[in-house]
Amino acid sequence: MNKPSAKPHILVARKVFPEVLERLGGHFEVDHNQADVILGVAGLKARLADKVGVLTAATDPVTAEVIEAATSLKAVCNLAVGYNNIDLAACSQAGVMATNTPGVLDDTTADLAWALLMASARRLPAAERWLRKGDWRGWEFIQWLGTDVHHATLGILGMGRIGQAVARRALGFDMRVIYHNRSPLPPDQEAACGANWVDKESLLRESDFLVLLLPYSPATHHSIGAAELALMKPTAHLINVARGGIVGDAALIAALRERRLRGAGLDVFEGEPTVNPGFLELDNAVLTPHIGSSSRATRMAMAMRAADNLIAALSGQRPPDLLNPEVFR
Ligand code: GLV
(Lines give C-alpha, C1' and ligand atoms only; values in the text may rest on other atoms or scores of the structure.)
Protein backbone atom coordinates (compact mmCIF):
# COMPACT_ATOMS: atom_id res chain seq x y z
CA MET A 1 0.00 0.00 0.00
CA ASN A 2 1.29 3.49 -0.86
CA LYS A 3 2.06 5.64 2.14
CA PRO A 4 0.07 8.91 2.02
CA SER A 5 2.34 11.75 0.83
CA ALA A 6 3.78 13.99 3.55
CA LYS A 7 3.68 16.93 1.16
CA PRO A 8 0.84 19.46 1.51
CA HIS A 9 -1.98 18.87 -0.98
CA ILE A 10 -2.85 21.64 -3.42
CA LEU A 11 -5.09 22.14 -6.45
CA VAL A 12 -4.25 23.91 -9.71
CA ALA A 13 -7.75 24.78 -10.89
CA ARG A 14 -7.05 25.50 -14.59
CA LYS A 15 -4.65 24.13 -17.20
CA VAL A 16 -1.14 25.56 -16.82
CA PHE A 17 2.27 24.94 -18.41
CA PRO A 18 3.90 21.60 -17.44
CA GLU A 19 6.89 23.56 -16.08
CA VAL A 20 4.61 25.12 -13.47
CA LEU A 21 3.23 21.75 -12.33
CA GLU A 22 6.79 20.45 -12.17
CA ARG A 23 7.87 23.35 -9.97
CA LEU A 24 4.87 22.96 -7.67
CA GLY A 25 5.44 19.19 -7.57
CA GLY A 26 8.78 19.82 -5.84
CA HIS A 27 6.88 21.26 -2.87
CA PHE A 28 3.38 19.83 -2.95
CA GLU A 29 1.18 16.90 -3.86
CA VAL A 30 -0.54 18.47 -6.87
CA ASP A 31 -4.10 17.77 -8.00
CA HIS A 32 -4.41 19.47 -11.38
CA ASN A 33 -7.04 20.14 -14.01
CA GLN A 34 -5.09 19.78 -17.26
CA ALA A 35 -8.36 18.74 -18.92
CA ASP A 36 -9.34 22.37 -18.21
CA VAL A 37 -12.93 21.64 -17.25
CA ILE A 38 -14.40 24.74 -15.59
CA LEU A 39 -14.93 23.61 -12.00
CA GLY A 40 -17.43 26.22 -10.81
CA VAL A 41 -18.55 26.47 -7.20
CA ALA A 42 -19.54 22.80 -6.87
CA GLY A 43 -16.34 21.52 -8.49
CA LEU A 44 -14.12 23.77 -6.39
CA LYS A 45 -15.89 22.70 -3.19
CA ALA A 46 -15.38 19.03 -4.07
CA ARG A 47 -11.74 19.37 -5.14
CA LEU A 48 -10.71 21.67 -2.28
CA ALA A 49 -12.07 19.50 0.54
CA ASP A 50 -8.60 18.14 1.39
CA LYS A 51 -6.40 20.97 0.05
CA VAL A 52 -4.33 23.60 1.83
CA GLY A 53 -3.68 25.72 -1.24
CA VAL A 54 -5.07 26.48 -4.69
CA LEU A 55 -4.01 28.27 -7.85
CA THR A 56 -7.11 29.82 -9.41
CA ALA A 57 -7.84 31.85 -12.53
CA ALA A 58 -10.31 34.68 -13.10
CA THR A 59 -12.85 32.05 -14.20
CA ASP A 60 -12.84 30.30 -10.80
CA PRO A 61 -15.48 31.65 -8.41
CA VAL A 62 -13.84 31.58 -4.99
CA THR A 63 -17.04 32.51 -3.19
CA ALA A 64 -17.85 32.54 0.54
CA GLU A 65 -19.53 29.14 0.02
CA VAL A 66 -16.32 27.69 -1.46
CA ILE A 67 -14.18 29.15 1.34
CA GLU A 68 -16.55 27.86 4.02
CA ALA A 69 -16.45 24.34 2.56
CA ALA A 70 -12.66 24.29 2.16
CA THR A 71 -11.87 23.88 5.85
CA SER A 72 -8.15 23.06 5.39
CA LEU A 73 -7.47 25.89 2.94
CA LYS A 74 -4.72 28.38 3.84
CA ALA A 75 -3.99 30.15 0.53
CA VAL A 76 -5.74 31.11 -2.72
CA CYS A 77 -3.28 32.33 -5.34
CA ASN A 78 -4.90 33.91 -8.38
CA LEU A 79 -3.34 33.65 -11.84
CA ALA A 80 -4.38 37.22 -12.62
CA VAL A 81 -3.89 40.76 -11.42
CA GLY A 82 -7.67 41.23 -11.10
CA TYR A 83 -9.25 39.29 -8.23
CA ASN A 84 -12.94 40.06 -8.43
CA ASN A 85 -13.49 36.27 -8.68
CA ILE A 86 -12.35 35.96 -5.05
CA ASP A 87 -14.47 36.93 -2.04
CA LEU A 88 -11.61 38.62 -0.20
CA ALA A 89 -13.68 39.35 2.91
CA ALA A 90 -14.63 35.67 3.19
CA CYS A 91 -10.95 34.70 2.81
CA SER A 92 -9.91 37.12 5.53
CA GLN A 93 -12.65 35.96 7.86
CA ALA A 94 -11.55 32.35 7.41
CA GLY A 95 -7.85 33.22 7.79
CA VAL A 96 -7.11 32.28 4.16
CA MET A 97 -4.37 34.26 2.42
CA ALA A 98 -5.22 35.56 -1.08
CA THR A 99 -2.73 36.76 -3.68
CA ASN A 100 -2.70 38.07 -7.27
CA THR A 101 0.00 38.66 -9.91
CA PRO A 102 0.64 42.41 -10.20
CA GLY A 103 3.48 43.86 -12.26
CA VAL A 104 4.37 40.93 -14.51
CA LEU A 105 1.59 41.54 -17.03
CA ASP A 106 1.58 45.35 -17.30
CA ASP A 107 3.46 45.69 -20.58
CA THR A 108 1.71 42.81 -22.33
CA THR A 109 -1.70 44.17 -21.38
CA ALA A 110 -0.70 47.70 -22.41
CA ASP A 111 0.43 46.26 -25.76
CA LEU A 112 -3.01 44.72 -26.31
CA ALA A 113 -4.74 48.00 -25.40
CA TRP A 114 -2.67 49.62 -28.14
CA ALA A 115 -3.35 46.80 -30.60
CA LEU A 116 -7.10 47.32 -30.09
CA LEU A 117 -6.73 51.10 -30.27
CA MET A 118 -4.85 50.95 -33.57
CA ALA A 119 -7.13 48.26 -34.99
CA SER A 120 -10.22 50.31 -34.12
CA ALA A 121 -8.72 53.59 -35.39
CA ARG A 122 -7.73 52.11 -38.76
CA ARG A 123 -10.65 49.65 -39.01
CA LEU A 124 -8.28 46.72 -39.54
CA PRO A 125 -10.55 43.72 -38.86
CA ALA A 126 -13.41 45.03 -41.00
CA ALA A 127 -11.06 45.92 -43.87
CA GLU A 128 -9.40 42.53 -43.65
CA ARG A 129 -12.76 40.69 -43.64
CA TRP A 130 -13.76 42.71 -46.73
CA LEU A 131 -10.55 41.80 -48.57
CA ARG A 132 -10.81 38.11 -47.66
CA LYS A 133 -14.40 38.04 -48.96
CA GLY A 134 -13.08 39.12 -52.38
CA ASP A 135 -14.80 42.51 -52.23
CA TRP A 136 -11.66 44.53 -53.13
CA ARG A 137 -12.22 45.27 -56.81
CA GLY A 138 -9.84 48.21 -57.03
CA TRP A 139 -7.94 50.82 -55.07
CA GLU A 140 -9.94 53.95 -54.38
CA PHE A 141 -8.77 57.28 -53.06
CA ILE A 142 -11.69 57.49 -50.66
CA GLN A 143 -11.78 53.99 -49.20
CA TRP A 144 -11.61 52.62 -45.66
CA LEU A 145 -10.88 56.01 -44.13
CA GLY A 146 -9.81 55.71 -40.51
CA THR A 147 -8.99 58.00 -37.59
CA ASP A 148 -5.51 59.42 -36.95
CA VAL A 149 -3.91 58.29 -33.73
CA HIS A 150 -0.94 60.66 -33.81
CA HIS A 151 -1.57 64.04 -32.18
CA ALA A 152 -4.95 62.86 -30.87
CA THR A 153 -5.97 62.96 -27.20
CA LEU A 154 -5.61 59.71 -25.31
CA GLY A 155 -7.72 59.40 -22.16
CA ILE A 156 -7.12 56.75 -19.51
CA LEU A 157 -9.66 55.88 -16.83
CA GLY A 158 -7.81 54.09 -14.02
CA MET A 159 -4.15 55.07 -13.91
CA GLY A 160 -2.40 52.19 -12.19
CA ARG A 161 0.67 50.43 -13.54
CA ILE A 162 -1.04 49.28 -16.76
CA GLY A 163 -2.55 52.73 -17.36
CA GLN A 164 0.89 54.28 -17.02
CA ALA A 165 2.35 51.72 -19.45
CA VAL A 166 -0.39 52.62 -21.95
CA ALA A 167 0.40 56.33 -21.48
CA ARG A 168 4.15 55.85 -22.00
CA ARG A 169 3.48 54.19 -25.35
CA ALA A 170 1.60 57.35 -26.46
CA LEU A 171 4.77 59.44 -26.26
CA GLY A 172 5.87 58.02 -29.62
CA PHE A 173 2.60 59.11 -31.22
CA ASP A 174 2.91 62.72 -30.00
CA MET A 175 -0.42 62.43 -28.25
CA ARG A 176 -1.90 64.57 -25.52
CA VAL A 177 -2.50 62.22 -22.60
CA ILE A 178 -5.09 62.86 -19.89
CA TYR A 179 -6.29 60.53 -17.17
CA HIS A 180 -8.75 60.23 -14.35
CA ASN A 181 -8.11 58.40 -11.13
CA ARG A 182 -9.51 58.89 -7.64
CA SER A 183 -6.29 60.75 -6.83
CA PRO A 184 -3.67 62.23 -9.16
CA LEU A 185 -0.31 60.48 -9.51
CA PRO A 186 2.75 61.98 -7.81
CA PRO A 187 4.29 64.63 -10.14
CA ASP A 188 7.35 62.50 -11.03
CA GLN A 189 5.12 59.60 -12.18
CA GLU A 190 2.90 61.98 -14.16
CA ALA A 191 5.99 63.43 -15.84
CA ALA A 192 7.36 59.96 -16.67
CA CYS A 193 4.28 59.18 -18.73
CA GLY A 194 3.51 62.72 -19.87
CA ALA A 195 -0.05 62.59 -18.55
CA ASN A 196 -2.27 65.14 -16.83
CA TRP A 197 -5.10 64.45 -14.34
CA VAL A 198 -8.57 65.73 -15.30
CA ASP A 199 -12.01 65.20 -13.79
CA LYS A 200 -14.08 62.33 -15.20
CA GLU A 201 -16.40 64.55 -17.22
CA SER A 202 -13.49 66.31 -18.96
CA LEU A 203 -11.92 62.92 -19.65
CA LEU A 204 -15.10 61.74 -21.35
CA ARG A 205 -15.62 64.96 -23.30
CA GLU A 206 -12.03 65.43 -24.49
CA SER A 207 -10.71 61.93 -25.26
CA ASP A 208 -10.36 60.80 -28.88
CA PHE A 209 -9.38 57.37 -27.55
CA LEU A 210 -10.55 56.35 -24.08
CA VAL A 211 -8.84 53.33 -22.52
CA LEU A 212 -10.51 51.72 -19.48
CA LEU A 213 -8.24 50.22 -16.87
CA LEU A 214 -10.31 50.17 -13.71
CA PRO A 215 -10.49 47.12 -11.46
CA TYR A 216 -13.99 45.64 -11.38
CA SER A 217 -16.03 45.92 -8.17
CA PRO A 218 -19.63 46.86 -7.38
CA ALA A 219 -18.36 50.46 -7.16
CA THR A 220 -17.04 50.42 -10.75
CA HIS A 221 -19.98 48.48 -12.24
CA HIS A 222 -21.19 50.36 -15.36
CA SER A 223 -18.71 53.21 -14.86
CA ILE A 224 -19.36 53.77 -18.55
CA GLY A 225 -23.08 53.65 -19.29
CA ALA A 226 -25.48 55.58 -21.51
CA ALA A 227 -24.92 58.90 -19.68
CA GLU A 228 -21.13 58.68 -19.92
CA LEU A 229 -21.21 57.58 -23.57
CA ALA A 230 -23.41 60.58 -24.36
CA LEU A 231 -20.62 62.89 -23.17
CA MET A 232 -18.05 61.35 -25.51
CA LYS A 233 -17.20 62.73 -28.96
CA PRO A 234 -19.03 60.92 -31.79
CA THR A 235 -15.58 60.50 -33.37
CA ALA A 236 -14.12 58.79 -30.29
CA HIS A 237 -13.06 55.17 -29.76
CA LEU A 238 -13.52 53.25 -26.50
CA ILE A 239 -11.03 50.54 -25.51
CA ASN A 240 -11.71 48.09 -22.64
CA VAL A 241 -8.97 45.67 -21.56
CA ALA A 242 -9.98 45.67 -17.87
CA ARG A 243 -13.13 43.73 -17.01
CA GLY A 244 -16.58 43.19 -18.40
CA GLY A 245 -19.21 45.02 -16.38
CA ILE A 246 -17.22 48.26 -16.20
CA VAL A 247 -19.09 49.16 -19.40
CA GLY A 248 -22.82 48.67 -19.89
CA ASP A 249 -22.64 46.55 -23.03
CA ALA A 250 -26.21 47.27 -24.21
CA ALA A 251 -25.61 51.03 -23.98
CA LEU A 252 -22.31 50.69 -25.85
CA ILE A 253 -23.91 48.63 -28.63
CA ALA A 254 -26.60 51.29 -29.07
CA ALA A 255 -24.00 54.08 -29.23
CA LEU A 256 -21.89 52.21 -31.80
CA ARG A 257 -24.91 51.22 -33.89
CA GLU A 258 -26.23 54.79 -33.99
CA ARG A 259 -22.72 56.13 -34.71
CA ARG A 260 -22.77 58.22 -31.54
CA LEU A 261 -19.35 56.64 -31.03
CA ARG A 262 -17.02 55.83 -33.93
CA GLY A 263 -15.48 52.62 -32.68
CA ALA A 264 -14.62 50.28 -29.84
CA GLY A 265 -11.89 47.76 -29.11
CA LEU A 266 -13.04 45.25 -26.51
CA ASP A 267 -11.21 42.38 -24.85
CA VAL A 268 -13.73 41.86 -22.04
CA PHE A 269 -17.52 41.54 -21.90
CA GLU A 270 -20.41 41.35 -19.47
CA GLY A 271 -21.17 37.67 -18.91
CA GLU A 272 -18.17 36.43 -20.93
CA PRO A 273 -17.54 34.02 -22.58
CA THR A 274 -21.04 34.84 -23.83
CA VAL A 275 -20.82 37.97 -25.95
CA ASN A 276 -23.88 40.14 -26.52
CA PRO A 277 -24.88 39.26 -30.13
CA GLY A 278 -25.35 42.98 -30.79
CA PHE A 279 -21.57 43.37 -30.90
CA LEU A 280 -21.22 40.67 -33.55
CA GLU A 281 -23.34 42.64 -36.01
CA LEU A 282 -21.22 45.79 -35.70
CA ASP A 283 -18.42 46.57 -38.13
CA ASN A 284 -17.09 49.28 -35.82
CA ALA A 285 -16.27 47.00 -32.89
CA VAL A 286 -13.01 45.04 -32.66
CA LEU A 287 -13.52 42.03 -30.40
CA THR A 288 -10.95 39.75 -28.74
CA PRO A 289 -11.52 36.89 -26.24
CA HIS A 290 -9.95 38.27 -23.00
CA ILE A 291 -6.33 37.88 -24.15
CA GLY A 292 -4.85 41.00 -22.50
CA SER A 293 -1.98 39.21 -20.77
CA SER A 294 -1.77 36.34 -23.22
CA SER A 295 1.77 36.12 -24.47
CA ARG A 296 3.62 32.89 -23.69
CA ALA A 297 6.29 34.70 -21.69
CA THR A 298 3.81 36.69 -19.62
CA ARG A 299 1.44 33.80 -18.90
CA MET A 300 4.50 31.80 -17.78
CA ALA A 301 5.66 34.69 -15.56
CA MET A 302 2.15 34.99 -14.07
CA ALA A 303 1.97 31.27 -13.31
CA MET A 304 5.44 31.23 -11.76
CA ARG A 305 4.54 34.31 -9.71
CA ALA A 306 1.39 32.58 -8.44
CA ALA A 307 3.52 29.52 -7.62
CA ASP A 308 5.99 31.77 -5.70
CA ASN A 309 3.07 33.14 -3.72
CA LEU A 310 1.73 29.68 -2.91
CA ILE A 311 5.13 28.29 -1.92
CA ALA A 312 5.76 31.28 0.36
CA ALA A 313 2.28 31.15 1.90
CA LEU A 314 2.51 27.46 2.72
CA SER A 315 6.01 27.66 4.14
CA GLY A 316 5.22 30.33 6.70
CA GLN A 317 6.61 33.26 4.70
CA ARG A 318 4.70 36.33 3.67
CA PRO A 319 3.65 35.88 0.01
CA PRO A 320 5.00 38.73 -2.16
CA ASP A 321 1.54 39.67 -3.47
CA LEU A 322 -0.58 39.22 -0.36
CA LEU A 323 -3.95 40.98 -0.76
CA ASN A 324 -5.16 40.55 2.83
CA PRO A 325 -2.10 41.18 5.04
CA GLU A 326 -4.25 41.05 8.19
CA VAL A 327 -4.34 37.28 7.76
CA PHE A 328 -0.55 36.88 7.89
CA ARG A 329 0.71 36.42 11.40
C1 GLV B 1 -6.57 39.28 -16.41
O2 GLV B 1 -7.65 39.57 -16.78
C3 GLV B 1 -6.00 39.68 -15.15
O4 GLV B 1 -6.70 40.26 -14.31
O5 GLV B 1 -4.82 39.38 -14.95
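Residues numbered from 1 in each chain as written. Predicted model: local features only at pLDDT ≥ 70, side-chain atom pairs only at ≥ 80, totals over all residues. Heavy atoms only, no water.

## Regarding the pairing of strand S10 (residues 237-240)
Every second residue of S10 is oriented toward a common face, with His237 and Ile239 on one face and Leu238 and Asn240 on the other, all of them buried. As paired elements, strand S9 (residues 209-212) and S10 share four bridges and run parallel to each other. Looking at S10, one finds that Val211 is bridged to Ile239. With respect to chirality, the unit in which S9 leads through helix H10 (residues 226-231) into the neighbouring parallel S10 is right-handed. Across four bridges, S10 lies against strand S11 (residues 263-266) in parallel orientation. The residue bridging His237 from the neighbouring strand is Gly263, located in S11. Between the parallel pair S10 and S11, the chain is carried across by helix H11 (residues 249-257), and the sense of this crossover is right-handed. (Buried < 20%, exposed > 50% of the residue type's maximum accessible area, 1.4 Å probe, protein only. Helix = DSSP H or I, 4+ residues; strand = E, 2+ residues; numbered from the N terminus. Pairing = 2+ DSSP bridges. Right-handed = clockwise from strand over helix to strand, strands pointing away.)

## Observations regarding the packing of helix H5 (residues 106-121) against helix H7 (residues 161-170)
Relative to each other, H5 and H7 sit at 55°, their axes nearing to 8 Å. As summarised for this structure, H5 and H7 are arranged oblique, according to the angle between their axes. Considering only the axes of H5 and H7, their crossing is right-handed. Counted together, Asp106, Asp107, Thr109, Ala110, Asp111, Ala113 and Trp114 of H5 and Arg161, Ile162, Ala165, Val166, Arg168, Arg169 and Ala170 of H7 form the full contact between these two elements. Within the contact of H5 with H7, the residues separate by chemical class into seven nonpolar, one polar and six charged. (Axes fitted to C-alpha atoms, helices over the stretch in contact; angles between N-to-C directions. Parallel < 35°, antiparallel > 145°, perpendicular 65-115°, else oblique. Left-handed = near helix turned anticlockwise from the far one by under 90°. Contact = heavy atoms within 4.5 Å. Nonpolar A, V, L, I, M, F, W, Y, C, P; charged D, E, K, R; others polar.)

## Points about the sheet that holds strand S1 (residues 9-12)
Sheet architecture is open: five strands sit in the order S2-S1-S3-S4-S5, paired in parallel fashion. Strand pairing shows two members of the sheet lacking a second neighbour, strand S2 (29-32) and strand S5 (97-99), which therefore form its edges. Shown here is a sheet whose adjacent strand axes are inclined to one another by a mean of 15°, direction ignored. Where strand S4 (residues 75-78) lies against S5, three bridges are found, and the strand directions are parallel. Paired with Cys77 across the strands is Thr99, a residue of S5.

## With respect to unusual backbone geometry
Here Glu272 and Pro273 are connected by a cis peptide whose omega angle stands at 15°. One non-glycine residue, Asp36, lies in positive phi territory at about 60°. Relative to the helices and strands, Asp36 is located in the loop between S2 and helix H2 (40-48).

## As for the domain arrangement of the protein chain
For the protein chain, the domain assignment lists domain 1 (9-103 + 296-327) and domain 2 (106-287). Listed as interface residues are eight residues of domain 1 and, on the opposing side, five residues of domain 2. When the two sides are added together, the surface that domain 1 and domain 2 hide from each other amounts to roughly 520 Å², 42% of it contributed by carbon and sulfur. Among the residues domain 1 hides against domain 2, the three largest losses belong to Asn84, Gly103 and Thr298. Together they make up 69% of the total. Summed over the shared surface of domain 1 and domain 2, the number is zero salt bridges. Of the residues belonging to the side of domain 1 that touches domain 2, the class tally is four nonpolar, four polar and no charged. (Domains from an automatic or database assignment. Buried area = accessible area lost by both parts, 1.4 Å probe. Salt bridge = Lys/Arg side-chain N within 4 Å of Asp/Glu carboxyl O.)

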